[in-house]
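# Overview (structure and organization)
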Amino acid sequence: MRTALFSKAKFSEPVSLPMAKPQAIIAAFFLLIAAGLSCRAQQDSQPHNDSQASGTSNAEFLQAADQVLADMSKILSLPIKEPLKKTVRSREEIRQYLIRQMREDKDDTKRYADQKALEAMGLIPKGYPLDQKMLALLTEQIAGLYDPKEREFFIADWTEPAEQRMIMAHELTHALQDQYFHVEKWEDEVKSNDDAQLARESVLEGSATVAMIDYLLRNTGKSSRDIADFDPSLLLGDANDSPELSEAPLVIQDEITFPYLPGATFMQHVLKTWNGWPDMHRLFENPPASTQQILHPDLYLRGVVPAQVDFMPVTKVVPRAWKKLDENVLGEFGFNELLKQFLGKDRADEVSPSWSGDRYAIYQRESGAQTLLLMRLKLSDEPAATRFFGAYRQLLEQKYEKRTAISRRQNLFSFNTPDGGVFLRCYGGECLIAEGTTADVFEAMTQSIHWPEAAPATPESDKPGITVMRRVVVPASAAAYRNGPLPGTPPKSIAAQSP
């Protein structure tokens with residue numbers, strides 16, 4: 001889910017959503033942070049002349065950039081290896097840069113797949129102009145960036161001098177990291193795994209955010225590691241001062257801010273546990289493998305990595321009439337976004353930490369626009385799978401208003417929609433979800449991963465006024481139901497309800 005599926009435009013840092021391939025490098029999110037630090041909004045309130053492209057550096061900017069680069073080199077314990085190209089650019093120059101990067105970094109096929117995946121998950125409206133909105137958002141937000149391809153740092157010509165040094169501290173952290181760790185190549189090592197790439201983006205953005213704070217504190221004798229209850233979100237200005245950001249779908253807002261906020265919290269925790277900035281190289285040598293490790297730094301420090309999910313048996317069952325558009329990983333961040341979209345933040349935060357691993361795939365019929373969404377998910381244990389089943393069943397009920405042939409049982413929920421059948425089944429510590437297929441195909445999928453046959457269904461009546469449901473008393477340990485009820489065992493209770 002990355003913005004463009006979380007957007008693949010390289011601005012200053014990569015941006016992403018659990019579906020879209022990493023890649024939007026946003027260097028201007030810090031207009032909001034700068035606004036928070038200076039206690040005033042610094043968005044589009046100041047006049048500027050876009051028709052007068054700067055394109056060249058001025059002496060004041062060059063001097064300030066050199067000073068900040070020297071300061072960051074000392075803070076990060078990374079001696080400067082080579083000179084850095086530095087320029088000032090107009091808003092229109094930055095917009096044209098973003099357009100070029102979007103064209104170079106993601107082809108039309110991938111952009112289309114990202115769009116369909118976000119739509120199928122219900123995270124953006126169908127037909128939402130994702131590319132155009134992301135371009136407008138990033139053009140609005142960009143304040144400065146470091147381009148690893150050209151090894152160049154540039155800053156927007158409308159930023160105030162007081163804010164330029166904070167932006168420099170952030171972006172020049174990336175420049176120094178690139179000299180030592182070759183950040184673009186480092187990110188591309190996991191380019192087939194959106195969740196892992198978002199985790200690496202969080203190392204880059206989180207470290208640059210913490211480094212910026214250390215720059216601000218450099219003359220106080222303190223550092224970010226001395227802050228007991230570190231909360232980087234307190235640095236943010238009011239997002240409502242950014243029209244494009246405030247109007248974007250929730251998943252895009254969260255995807256853009258994730259590398260900076262949870263990423264900064266992760267970095268502060270790790271740096272406090274280790275020996276500060278001199279140990280930063282350890283993150284590039286052994287990077288976090290998932291957004292779960294970013295959200296829960298202790299898992300990273302303990303070496304807890306995501307479980308491997310074998311998705312091939314499931315995808316082999318998909319009929320030939322379907323064309324696969326993309327296959328990837330959502331991660332804890334992605335599943336949290338799905339649950340939050342339909343059930344709210346509290347429920348999402350309660351359920352999503354039990355994520356252990358996943359794979360998802362998005363398909364489209366070759367003859368039309370109908371899509372098929374498949375997800376196989378591993379949870380931490382059977383009780384966690386039971387809790388996830390209950391939450392995701394509610395999500396599906398919220399997502400699909402038109403439902404017929406509804407069938408509910410302890411570990412299997414299904415119904416029909418105008419766009420195909422929807423199925424959710426959990427067994428042991430795993431769950432399988434299919435949206436847009438048939439009962440026969442879904443049964444073949446469960447057989448392909450050697451799940452036992454599901455217990456007989458007790459369908460709800462389609463007639464209004466009378467609903468027949470199975471009410472199951474769940475035991476303290478869900479393990480008793482791992483293989484379903486024993487043959488011949490009656491249900492715990494069956495209730496007929498009528499108005």
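This write-up is about the structure you can find in this document. What you see is a predicted model; the values in this text were computed from it and never measured.

### Observations regarding the packing of helix H10 (residues 250-257) against helix H16 (residues 331-343)
Running from N to C, H10 and H16 point in directions that differ by 150°, and their axes come no closer than 10 Å. One element, H10, and the other, H16, form an angle in the roughly antiparallel class. The two elements H10 and H16 cross, and the hand of that crossing is right-handed. Counted together, Leu250, Val251, Asp254 and Glu255 of H10 and Phe333, Glu337, Lys340 and Gln341 of H16 form the full contact between these two elements. The residue makeup of the contact of H10 with H16, split by class, is three nonpolar, one polar and four charged.

### Topic: unusual backbone geometry
The backbone of Ala405 sits at a positive phi, close to 50°, despite the residue not being glycine. Position of Ala405 among the secondary structure elements: in strand E7 (residues 404-408). Ala405 gets classed as partly exposed once you look at its relative accessible area, which sits at 40%. Its identity is not glycine, yet His450 carries a phi of approximately 65°, on the positive side. One can find His450 in the loop between helix H19 (439-448) and strand E11 (458-459). When its relative accessible area of 71% is taken as the criterion, His450 is described as exposed.

### With respect to the pairing of strand E6 (residues 371-379)
Of all nine residues that make up E6, seven are buried, and the element is covered over most of its length. Of the strand pairs in this sheet, strand E5 (residues 355-365) and E6 are connected by nine bridges, and their pairing is antiparallel. Across the sheet, the residue bridging to Gly357 is Lys378, located in E6. Two strands pair when backbone bridges link them, and E6 and strand E10 (residues 430-437) are joined in this way by six bridges, in the antiparallel orientation. Residue Arg376 lies in a different strand from E10, and its bridge partner there is Leu432.

### So, the pairing of E10
Burial runs high along E10: eight of the eight residues are buried. Where strand E9 (residues 420-427) meets E10, seven bridges bridge the pair, whose relative direction is antiparallel. Its bridge partner being in E10, Tyr427 is matched across the sheet by Glu430. Adjacent in sequence and paired antiparallel, E9 and E10 are bridged by two residues, among which Gly428 carries a positive phi angle near 60°.

### Remarks on the sheet that holds strand E1 (residues 85-89)
Within a beta sheet, neighbouring strands are joined by backbone hydrogen bonds and run either parallel or antiparallel to one another. Read from one edge to the other, the open sheet built from three strands follows the order E1-E3-E2, with strand pairing classed as mixed. Bordering the open sheet on either side are E1 and strand E2 (144-147), each of which pairs with just one other strand. Geometrically, the sheet is characterised by an average inter-axis angle of 20° between neighbouring strands, direction not taken into account. Bridging between E1 and strand E3 (residues 152-156) involves five bridges; their strand directions are parallel. What sits directly across from Lys85, in E3, is Glu152. Each of E1 and E3 touches helix H2 (residues 59-76); the most contacted strand, E1, lies at about 130° to it.

Parameters and conventions
Residues numbered from 1 in each chain as written. Predicted model: local features only at pLDDT ≥ 70, side-chain atom pairs only at ≥ 80, totals over all residues. Heavy atoms only, no water. Axes fitted to C-alpha atoms, helices over the stretch in contact; angles between N-to-C directions. Helix = DSSP H or I, 4+ residues; strand = E, 2+ residues; numbered from the N terminus. Parallel < 35°, antiparallel > 145°, perpendicular 65-115°, else oblique. Left-handed = near helix turned anticlockwise from the far one by under 90°. Contact = heavy atoms within 4.5 Å. Nonpolar A, V, L, I, M, F, W, Y, C, P; charged D, E, K, R; others polar. Buried < 20%, exposed > 50% of the residue type's maximum accessible area, 1.4 Å probe, protein only. Pairing = 2+ DSSP bridges.

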